Structures are given as C-alpha cells and as structure tokens.
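# What the coordinates show
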Amino acid sequence: MDSRIYGRANLLFLFIFAFTSVAIAGENRSAESPQINSNSVLVALLDSHYTELSEMVEKALLLQTLEEAVTRHNITIFAPRNEALERDLDPEFKRFLLEPRNLKSLQNLLLFHMIPSRIEVGKWPVPVNRKPVRHTSLCRDGNGERIQLQEKNGEKIVGIAKVVKSDDIIRPDGIIHGIERLLVPKSVQQEFNARRSLISTAAVIPKGAPEIDPRTHRLKKPAPAVPAGAPPVLPIFDALAPGPSIAPAPAPGPGGPHGHFDGEGQVKDFIKTLLHYGGYNELADILVNLTSLASEMGRLVSEGYVLTVLAPNDEAMAKLTTDQLSEPGAPEQIVYYHLIPEYQTEESMYNAVRRFGKVKYDTLRLPHKVVAEEADGSVKFGQNEGSAYLFDPDIYTDGRISVQGIDGVLFPPEETTVAKSAPIATKIVSKPRRGKLMEVACSMLGVVGQASRFSGCK
C-alpha cells in the first residue's frame, strides 16, 4: 500500500517538474525573441510613406530595440516628413549621422522621437500652470532631456516642430504623428559640434631656422599656405611608398603637416564596413594582415588625397592561384591596380560611361589604367575574360574614400612588344678594276683574237 502511495507521489512530482520546466523555457524563449504582430505600429512605420525615417531606423540597427519596447508598452512616434530628412537637413550633419563611428548618435536621435506611452490628439496633454508638459523619450543617453508637448492657437507642437498630420497611423500598440522637421537632442548636437571643432582645429608646429638661397644669398620665401580641405599640390604618385617593404613616404598635404583629415579612422571605418557588409573578408585580410596597405591608405587620406577602391568579393579572390600571390610584392600590385586616385561613386561612373562610352581611370599601379564601359545597365571594368562588373555599388562613401564591390579580380593587359626584324645586309661583290696598261694590252690581243686566252681580259 505504501509503495503505491510513494509511486503516485513520485509520478506527481515528475509531472509538476516537467510542466514547470516547459513553462520556464517558454518564458525564456518569448523573452529572447519577442513576437511582433503584423498589425503593430512598428510594421506600419516600415511600410508607411515615412521612407526616410524607416531607412534611418534600419541603418541604426534599432529594429530589435523597438520590438522589445512595443511588446512592453504602447509607444508614440513623431515622424518627420521625408522633405525634412532629405532636403532640409544640413548635408554635413546628415553625413555625420550616417558615419559608422557615429552609430550611437544616430540611435539617440531616432529614439528621441519616440515616447513610451500612447498620446492621441484627443488626449493631448494640457499645460499645468501655463507650463508645457515634458515627456521622457526612449533615448536613455540624452542626459535626462525630455520632449516638450504644447498647444498654441489650436496647433499641436512637439519641441520646436509643428504636428502636420495628427493620428496619421493608429495601431493597437502605438500611434504615429507626422511633424514638419527633425528633433535634435542637445547631446547629439554637442557631439556634432565637438567633432566639427576637432576637425577644424590644427596643432601649432614649431618652425625651423630660416633657409638661405645659395644663389641670391637671401632668405627663401615660404610657400603660400594651402587652405584646409584643398587638394594636395603634388600628385598622389609622389606620395606613394617606394616599395611594399618600406614604410609609406610622407606626402605633401593641405597646409603642411597639420593633418586636417583623419585618414586612419576613415580607413578603419571602411574596413569595418566591409566586414559587416559580408563577402569581402579576403580583401580586408590582405589590406590589414598580409600587407601594410591599410596604413598607407590612411596616410594618403590624412594628407588630403581621395581614393576609390574597386573591391573584389570573396568568390573572385578565391579564384586566385598560389602562383599569382607567391611572388614578392604580388598582393600589393594586385591591390594597387584596384585603387583609383579619384573619388567616384556608382552614379558618377555610370554617367561617365553612358556619356563617353569607354573611360580610362588612372590606378596606383603605374602606368596601367582601368577601362570602364557600360554593359547590361551596369559598369564593366577590364576587357575580354579579365573583366568584372560593378556588383555591390557604394558599399562605403564618406567623401574621401569610396568602395565599389566588383565580381572579379582585375589584371592589367600584358604588354607585348613586337621585335622589329633587322634588315639583312646584302654583300655586294665588286669586280676588280683593271689598269690602263692592262686595258691597252687586252684591246690589242682582241684585235689579234687571243684575248680569251688570258683570264685578266675576260
């Protein structure tokens, strides 16, 4: 009897333990991956006419953060119209937001437009003691800055922007209001001002002793100062390193050695972009590990030069043989042929080949050039079997470095020299001349008929 009771108790304990484990696992699974309804305000935002805002949300990698916020509570989104983000926004500020190193600033800017509560037009907050109501946003790094909501002359105002479309999109878990302009929190504005002031600030460099011209015995006049941002005086080929095993040579830059551009930071950003983009790990490995080209490119960009990188993808790099990479300096020469000392985008190159047919671009592998032409609605580089198409346009563009993905590795055409055939010298045999006395003797023998008997008279 006791054994039956204990057996039933054990079965009941196992059943409760299994049920509890399944429940806990389900809760953890639901906590790790929140389920979003198709009728969610987040889905409505991505499918709405606020295309500029939705693109920025995707570039800022905020989808998972917003999914977690929507599952916890209702949210209110103040969406700027497309014109405010496309035409009215300062180009320099927009470039600052879209740089990979400023991802946190972009996230704080977008989260500042979202409130973790539901605010409809009919329930717009009423000012207390004639003071506007301030709401906390989803931005946690805004130093406690809140969004100000008020109403003036029948118009709803959010911060400094007017609401142009009230209750534009309504969903069970949130609501979207359209506003006329972008809201910029003070923390993002301060970061932008600090970054801009650092770029324009130049360190004071001590001046050396004056130089005397030996021809005139007078002081040499210093070269005129080059304004910040101006292109370098010398061509980029004079600033290249003499060889792959030697450190990069100092290049003449705008305003001397002030260094108005952060070339090393920009090169790191574009290499990180290649790794995050996927499919270009081999090229990144060659630039960083196999060669010192990454540091050389950073030096060139710091001195004011611009570069366009034709980046072969991993499938194209895998087709290279060991013979092509084993020779000394071969990886450097291959990459040099894919570096164009100009700033070109997919649009500029396509317009050029559409207008001029074939376009030849200089490369850092002198004296070879890359031939580009239009093919199948895209840009094709190279000729015949060694050609490559523009596969992933504008992977990275920051105004100094442009990265364009191609589906093949380019090689310069082989220089075939035709040896000219040397003219064959013909040997002219001259007949021996006879003297006057011999001529007279031969004529006399001819009269007698005996000239044929002497070999000198033949």
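Anyway, here's the lowdown on the structure attached to this text. These numbers come from a predicted model, not from an experiment. Residues take numbers from 1 onward in each chain, read along the sequence in its written order. Thresholds applied to this predicted model are a pLDDT of at least 70 for local features of residues and 80 or more for the giving and counting of side-chain atom pairs; totals over whole chains, interfaces and linings are not thresholded and use all residues. To get the side-chain values, take all heavy atoms of the structure and skip hydrogens and water.

## Re the overall build of the protein chain
This is how the line gets drawn: Elements are defined by DSSP. Helices are runs of H or I of four residues or more, strands are runs of E of two residues or more, and each kind is numbered from the N terminus. Note on classification: 1.4 Å probe, protein chains only; a residue is buried when its accessible area is under 20% of the maximum for its type, exposed when over 50%, partly exposed between these limits. Whether two residues are in contact is decided by their heavy atoms, any of which lying within 4.5 Å being enough.
When helices and strands are tallied, the protein chain shows 16 helices and 16 strands. Considering the protein chain as a whole, with its 458 residues, one finds that 39% of them fall into the buried category. Sequence-distant contacts, at least 24 apart, represent 66% of the contacts inside the protein chain between residues at least 6 apart.

## Concerning the sheet that holds strand 11 (residues 339-340)
Two strands in a sheet stick together by hydrogen bonds in their backbones, pointing the same way (parallel) or opposite ways (antiparallel). For clarity, the cut-off: Whether two strands pair depends on DSSP finding at least two bridges between them. Helix axes are fitted only over the stretch in contact, all axes being lines through C-alpha atoms; the angle between N-to-C directions runs from 0 to 180 degrees.
Pairing is mixed across the open sheet formed by seven strands, whose spatial order is 11-10-16-15-14-13-12. Each edge of the open sheet carries a strand with a single partner, namely strand 11 and strand 12 (358-362). Here strand 10 (residues 307-312) runs beside strand 11; their pairing, made up of two bridges, is antiparallel. Counterpart to Thr308 in the pairing with strand 11 is Ile340. Packing of helix 9 (residues 263-277) onto the sheet brings it into contact with strand 15 (388-397) and strand 16 (401-406), and relative to strand 15 it is tilted by some 125 degrees.

## A word on the nonpolar core
Our working rule: Working definition of a nonpolar core: buried Ala, Val, Leu, Ile, Met, Phe, Trp, Tyr and Cys residues. They are joined through side-chain atoms within 4.5 Å.
Counting 45 residues, the largest nonpolar core has Leu53, Leu66, Phe93, Leu110, Leu149, Val158 and Ile176 as the members making the most contacts within it. Apart from the residues within four sequence positions on either side, Ile176 is in contact with Val41, Leu45, Tyr50, Ile77, Ala79, Asp167, Asp168 and Ile169. By size, the runner-up hydrophobic cluster in this structure holds 32 residues, among which are Ala284, Ala294, Ala316 and Ile334.

## Regarding the packing of helix 9 against helix 11 (residues 293-302)
To characterise two packed helices, one gives the angle between the axes of the helices and the distance between these axes. Where we set the bar: Roughly parallel refers to an angle under 35 degrees, roughly antiparallel to one over 145, roughly perpendicular to one between 65 and 115, and oblique to any angle outside these ranges. For a crossing to be left-handed, the near helix must be turned anticlockwise from the far one by less than a right angle; the clockwise case is right-handed.
It is at 7 Å that the axes of helix 9 and helix 11 come closest, and there the two elements cross at 130 degrees. In terms of axis orientation, helix 9 runs oblique to helix 11. The interaxial crossing formed by helix 9 with helix 11 has right-handed handedness. Packed against helix 9, whose contacting residues are Gly263, Glu264, Gln266, Val267, Phe270 and Ile271, the element helix 11 presents Ala294, Met297, Gly298, Val301 and Ser302 at the interface.

## Things to note about the pattern of salt bridges
What counts here: The salt bridge criterion pairs a side-chain nitrogen of Lys or Arg with a carboxyl oxygen of Asp or Glu, the two atoms within 4 Å.
This structure, assessed with the given rule, holds eleven salt bridges. A salt bridge links Arg118 to Glu120; its shortest N-O distance comes to 2.9 Å. You can call Glu120 partly exposed: its relative accessible area is 25%. Across the salt bridge formed by Arg354 and Glu374, the nearest N and O atoms sit 3.8 Å from each other. Highlighted residues: Arg354 in helix 15 (residues 346-356) and Glu374 in strand 13 (residues 369-375), separated in sequence by 20 residues.

## Describing helix 11
When you tally the buried positions in helix 11, you get eight out of ten residues, the bulk of the element. When we look at burial in helix 11, the residues that qualify are Leu293, Ala294, Glu296, Met297, Gly298, Leu300, Val301 and Ser302. Residues of helix 11 that are buried sit in contact with helix 9, helix 10 (281-290), strand 10, helix 14 (330-336), strand 11 and strand 16. Trailing helix 11 by a residue or two, Gly304 shows a phi angle of about 105 degrees, which is positive.

## Topic: the environment of Ser117
For Ser117, the position within the fold is in the loop between strand 2 (114-115) and strand 3 (133-135). The partly exposed category is assigned to Ser117, whose relative accessible area is 25%. Taking the C-alpha atoms as reference, Ser117 lies 6.1 Å from Thr76; in sequence the two are 41 residues apart. Residues contacting Ser117, with those up to four places away along its chain left out, are Asn74, Ile75, Thr76 and His135.

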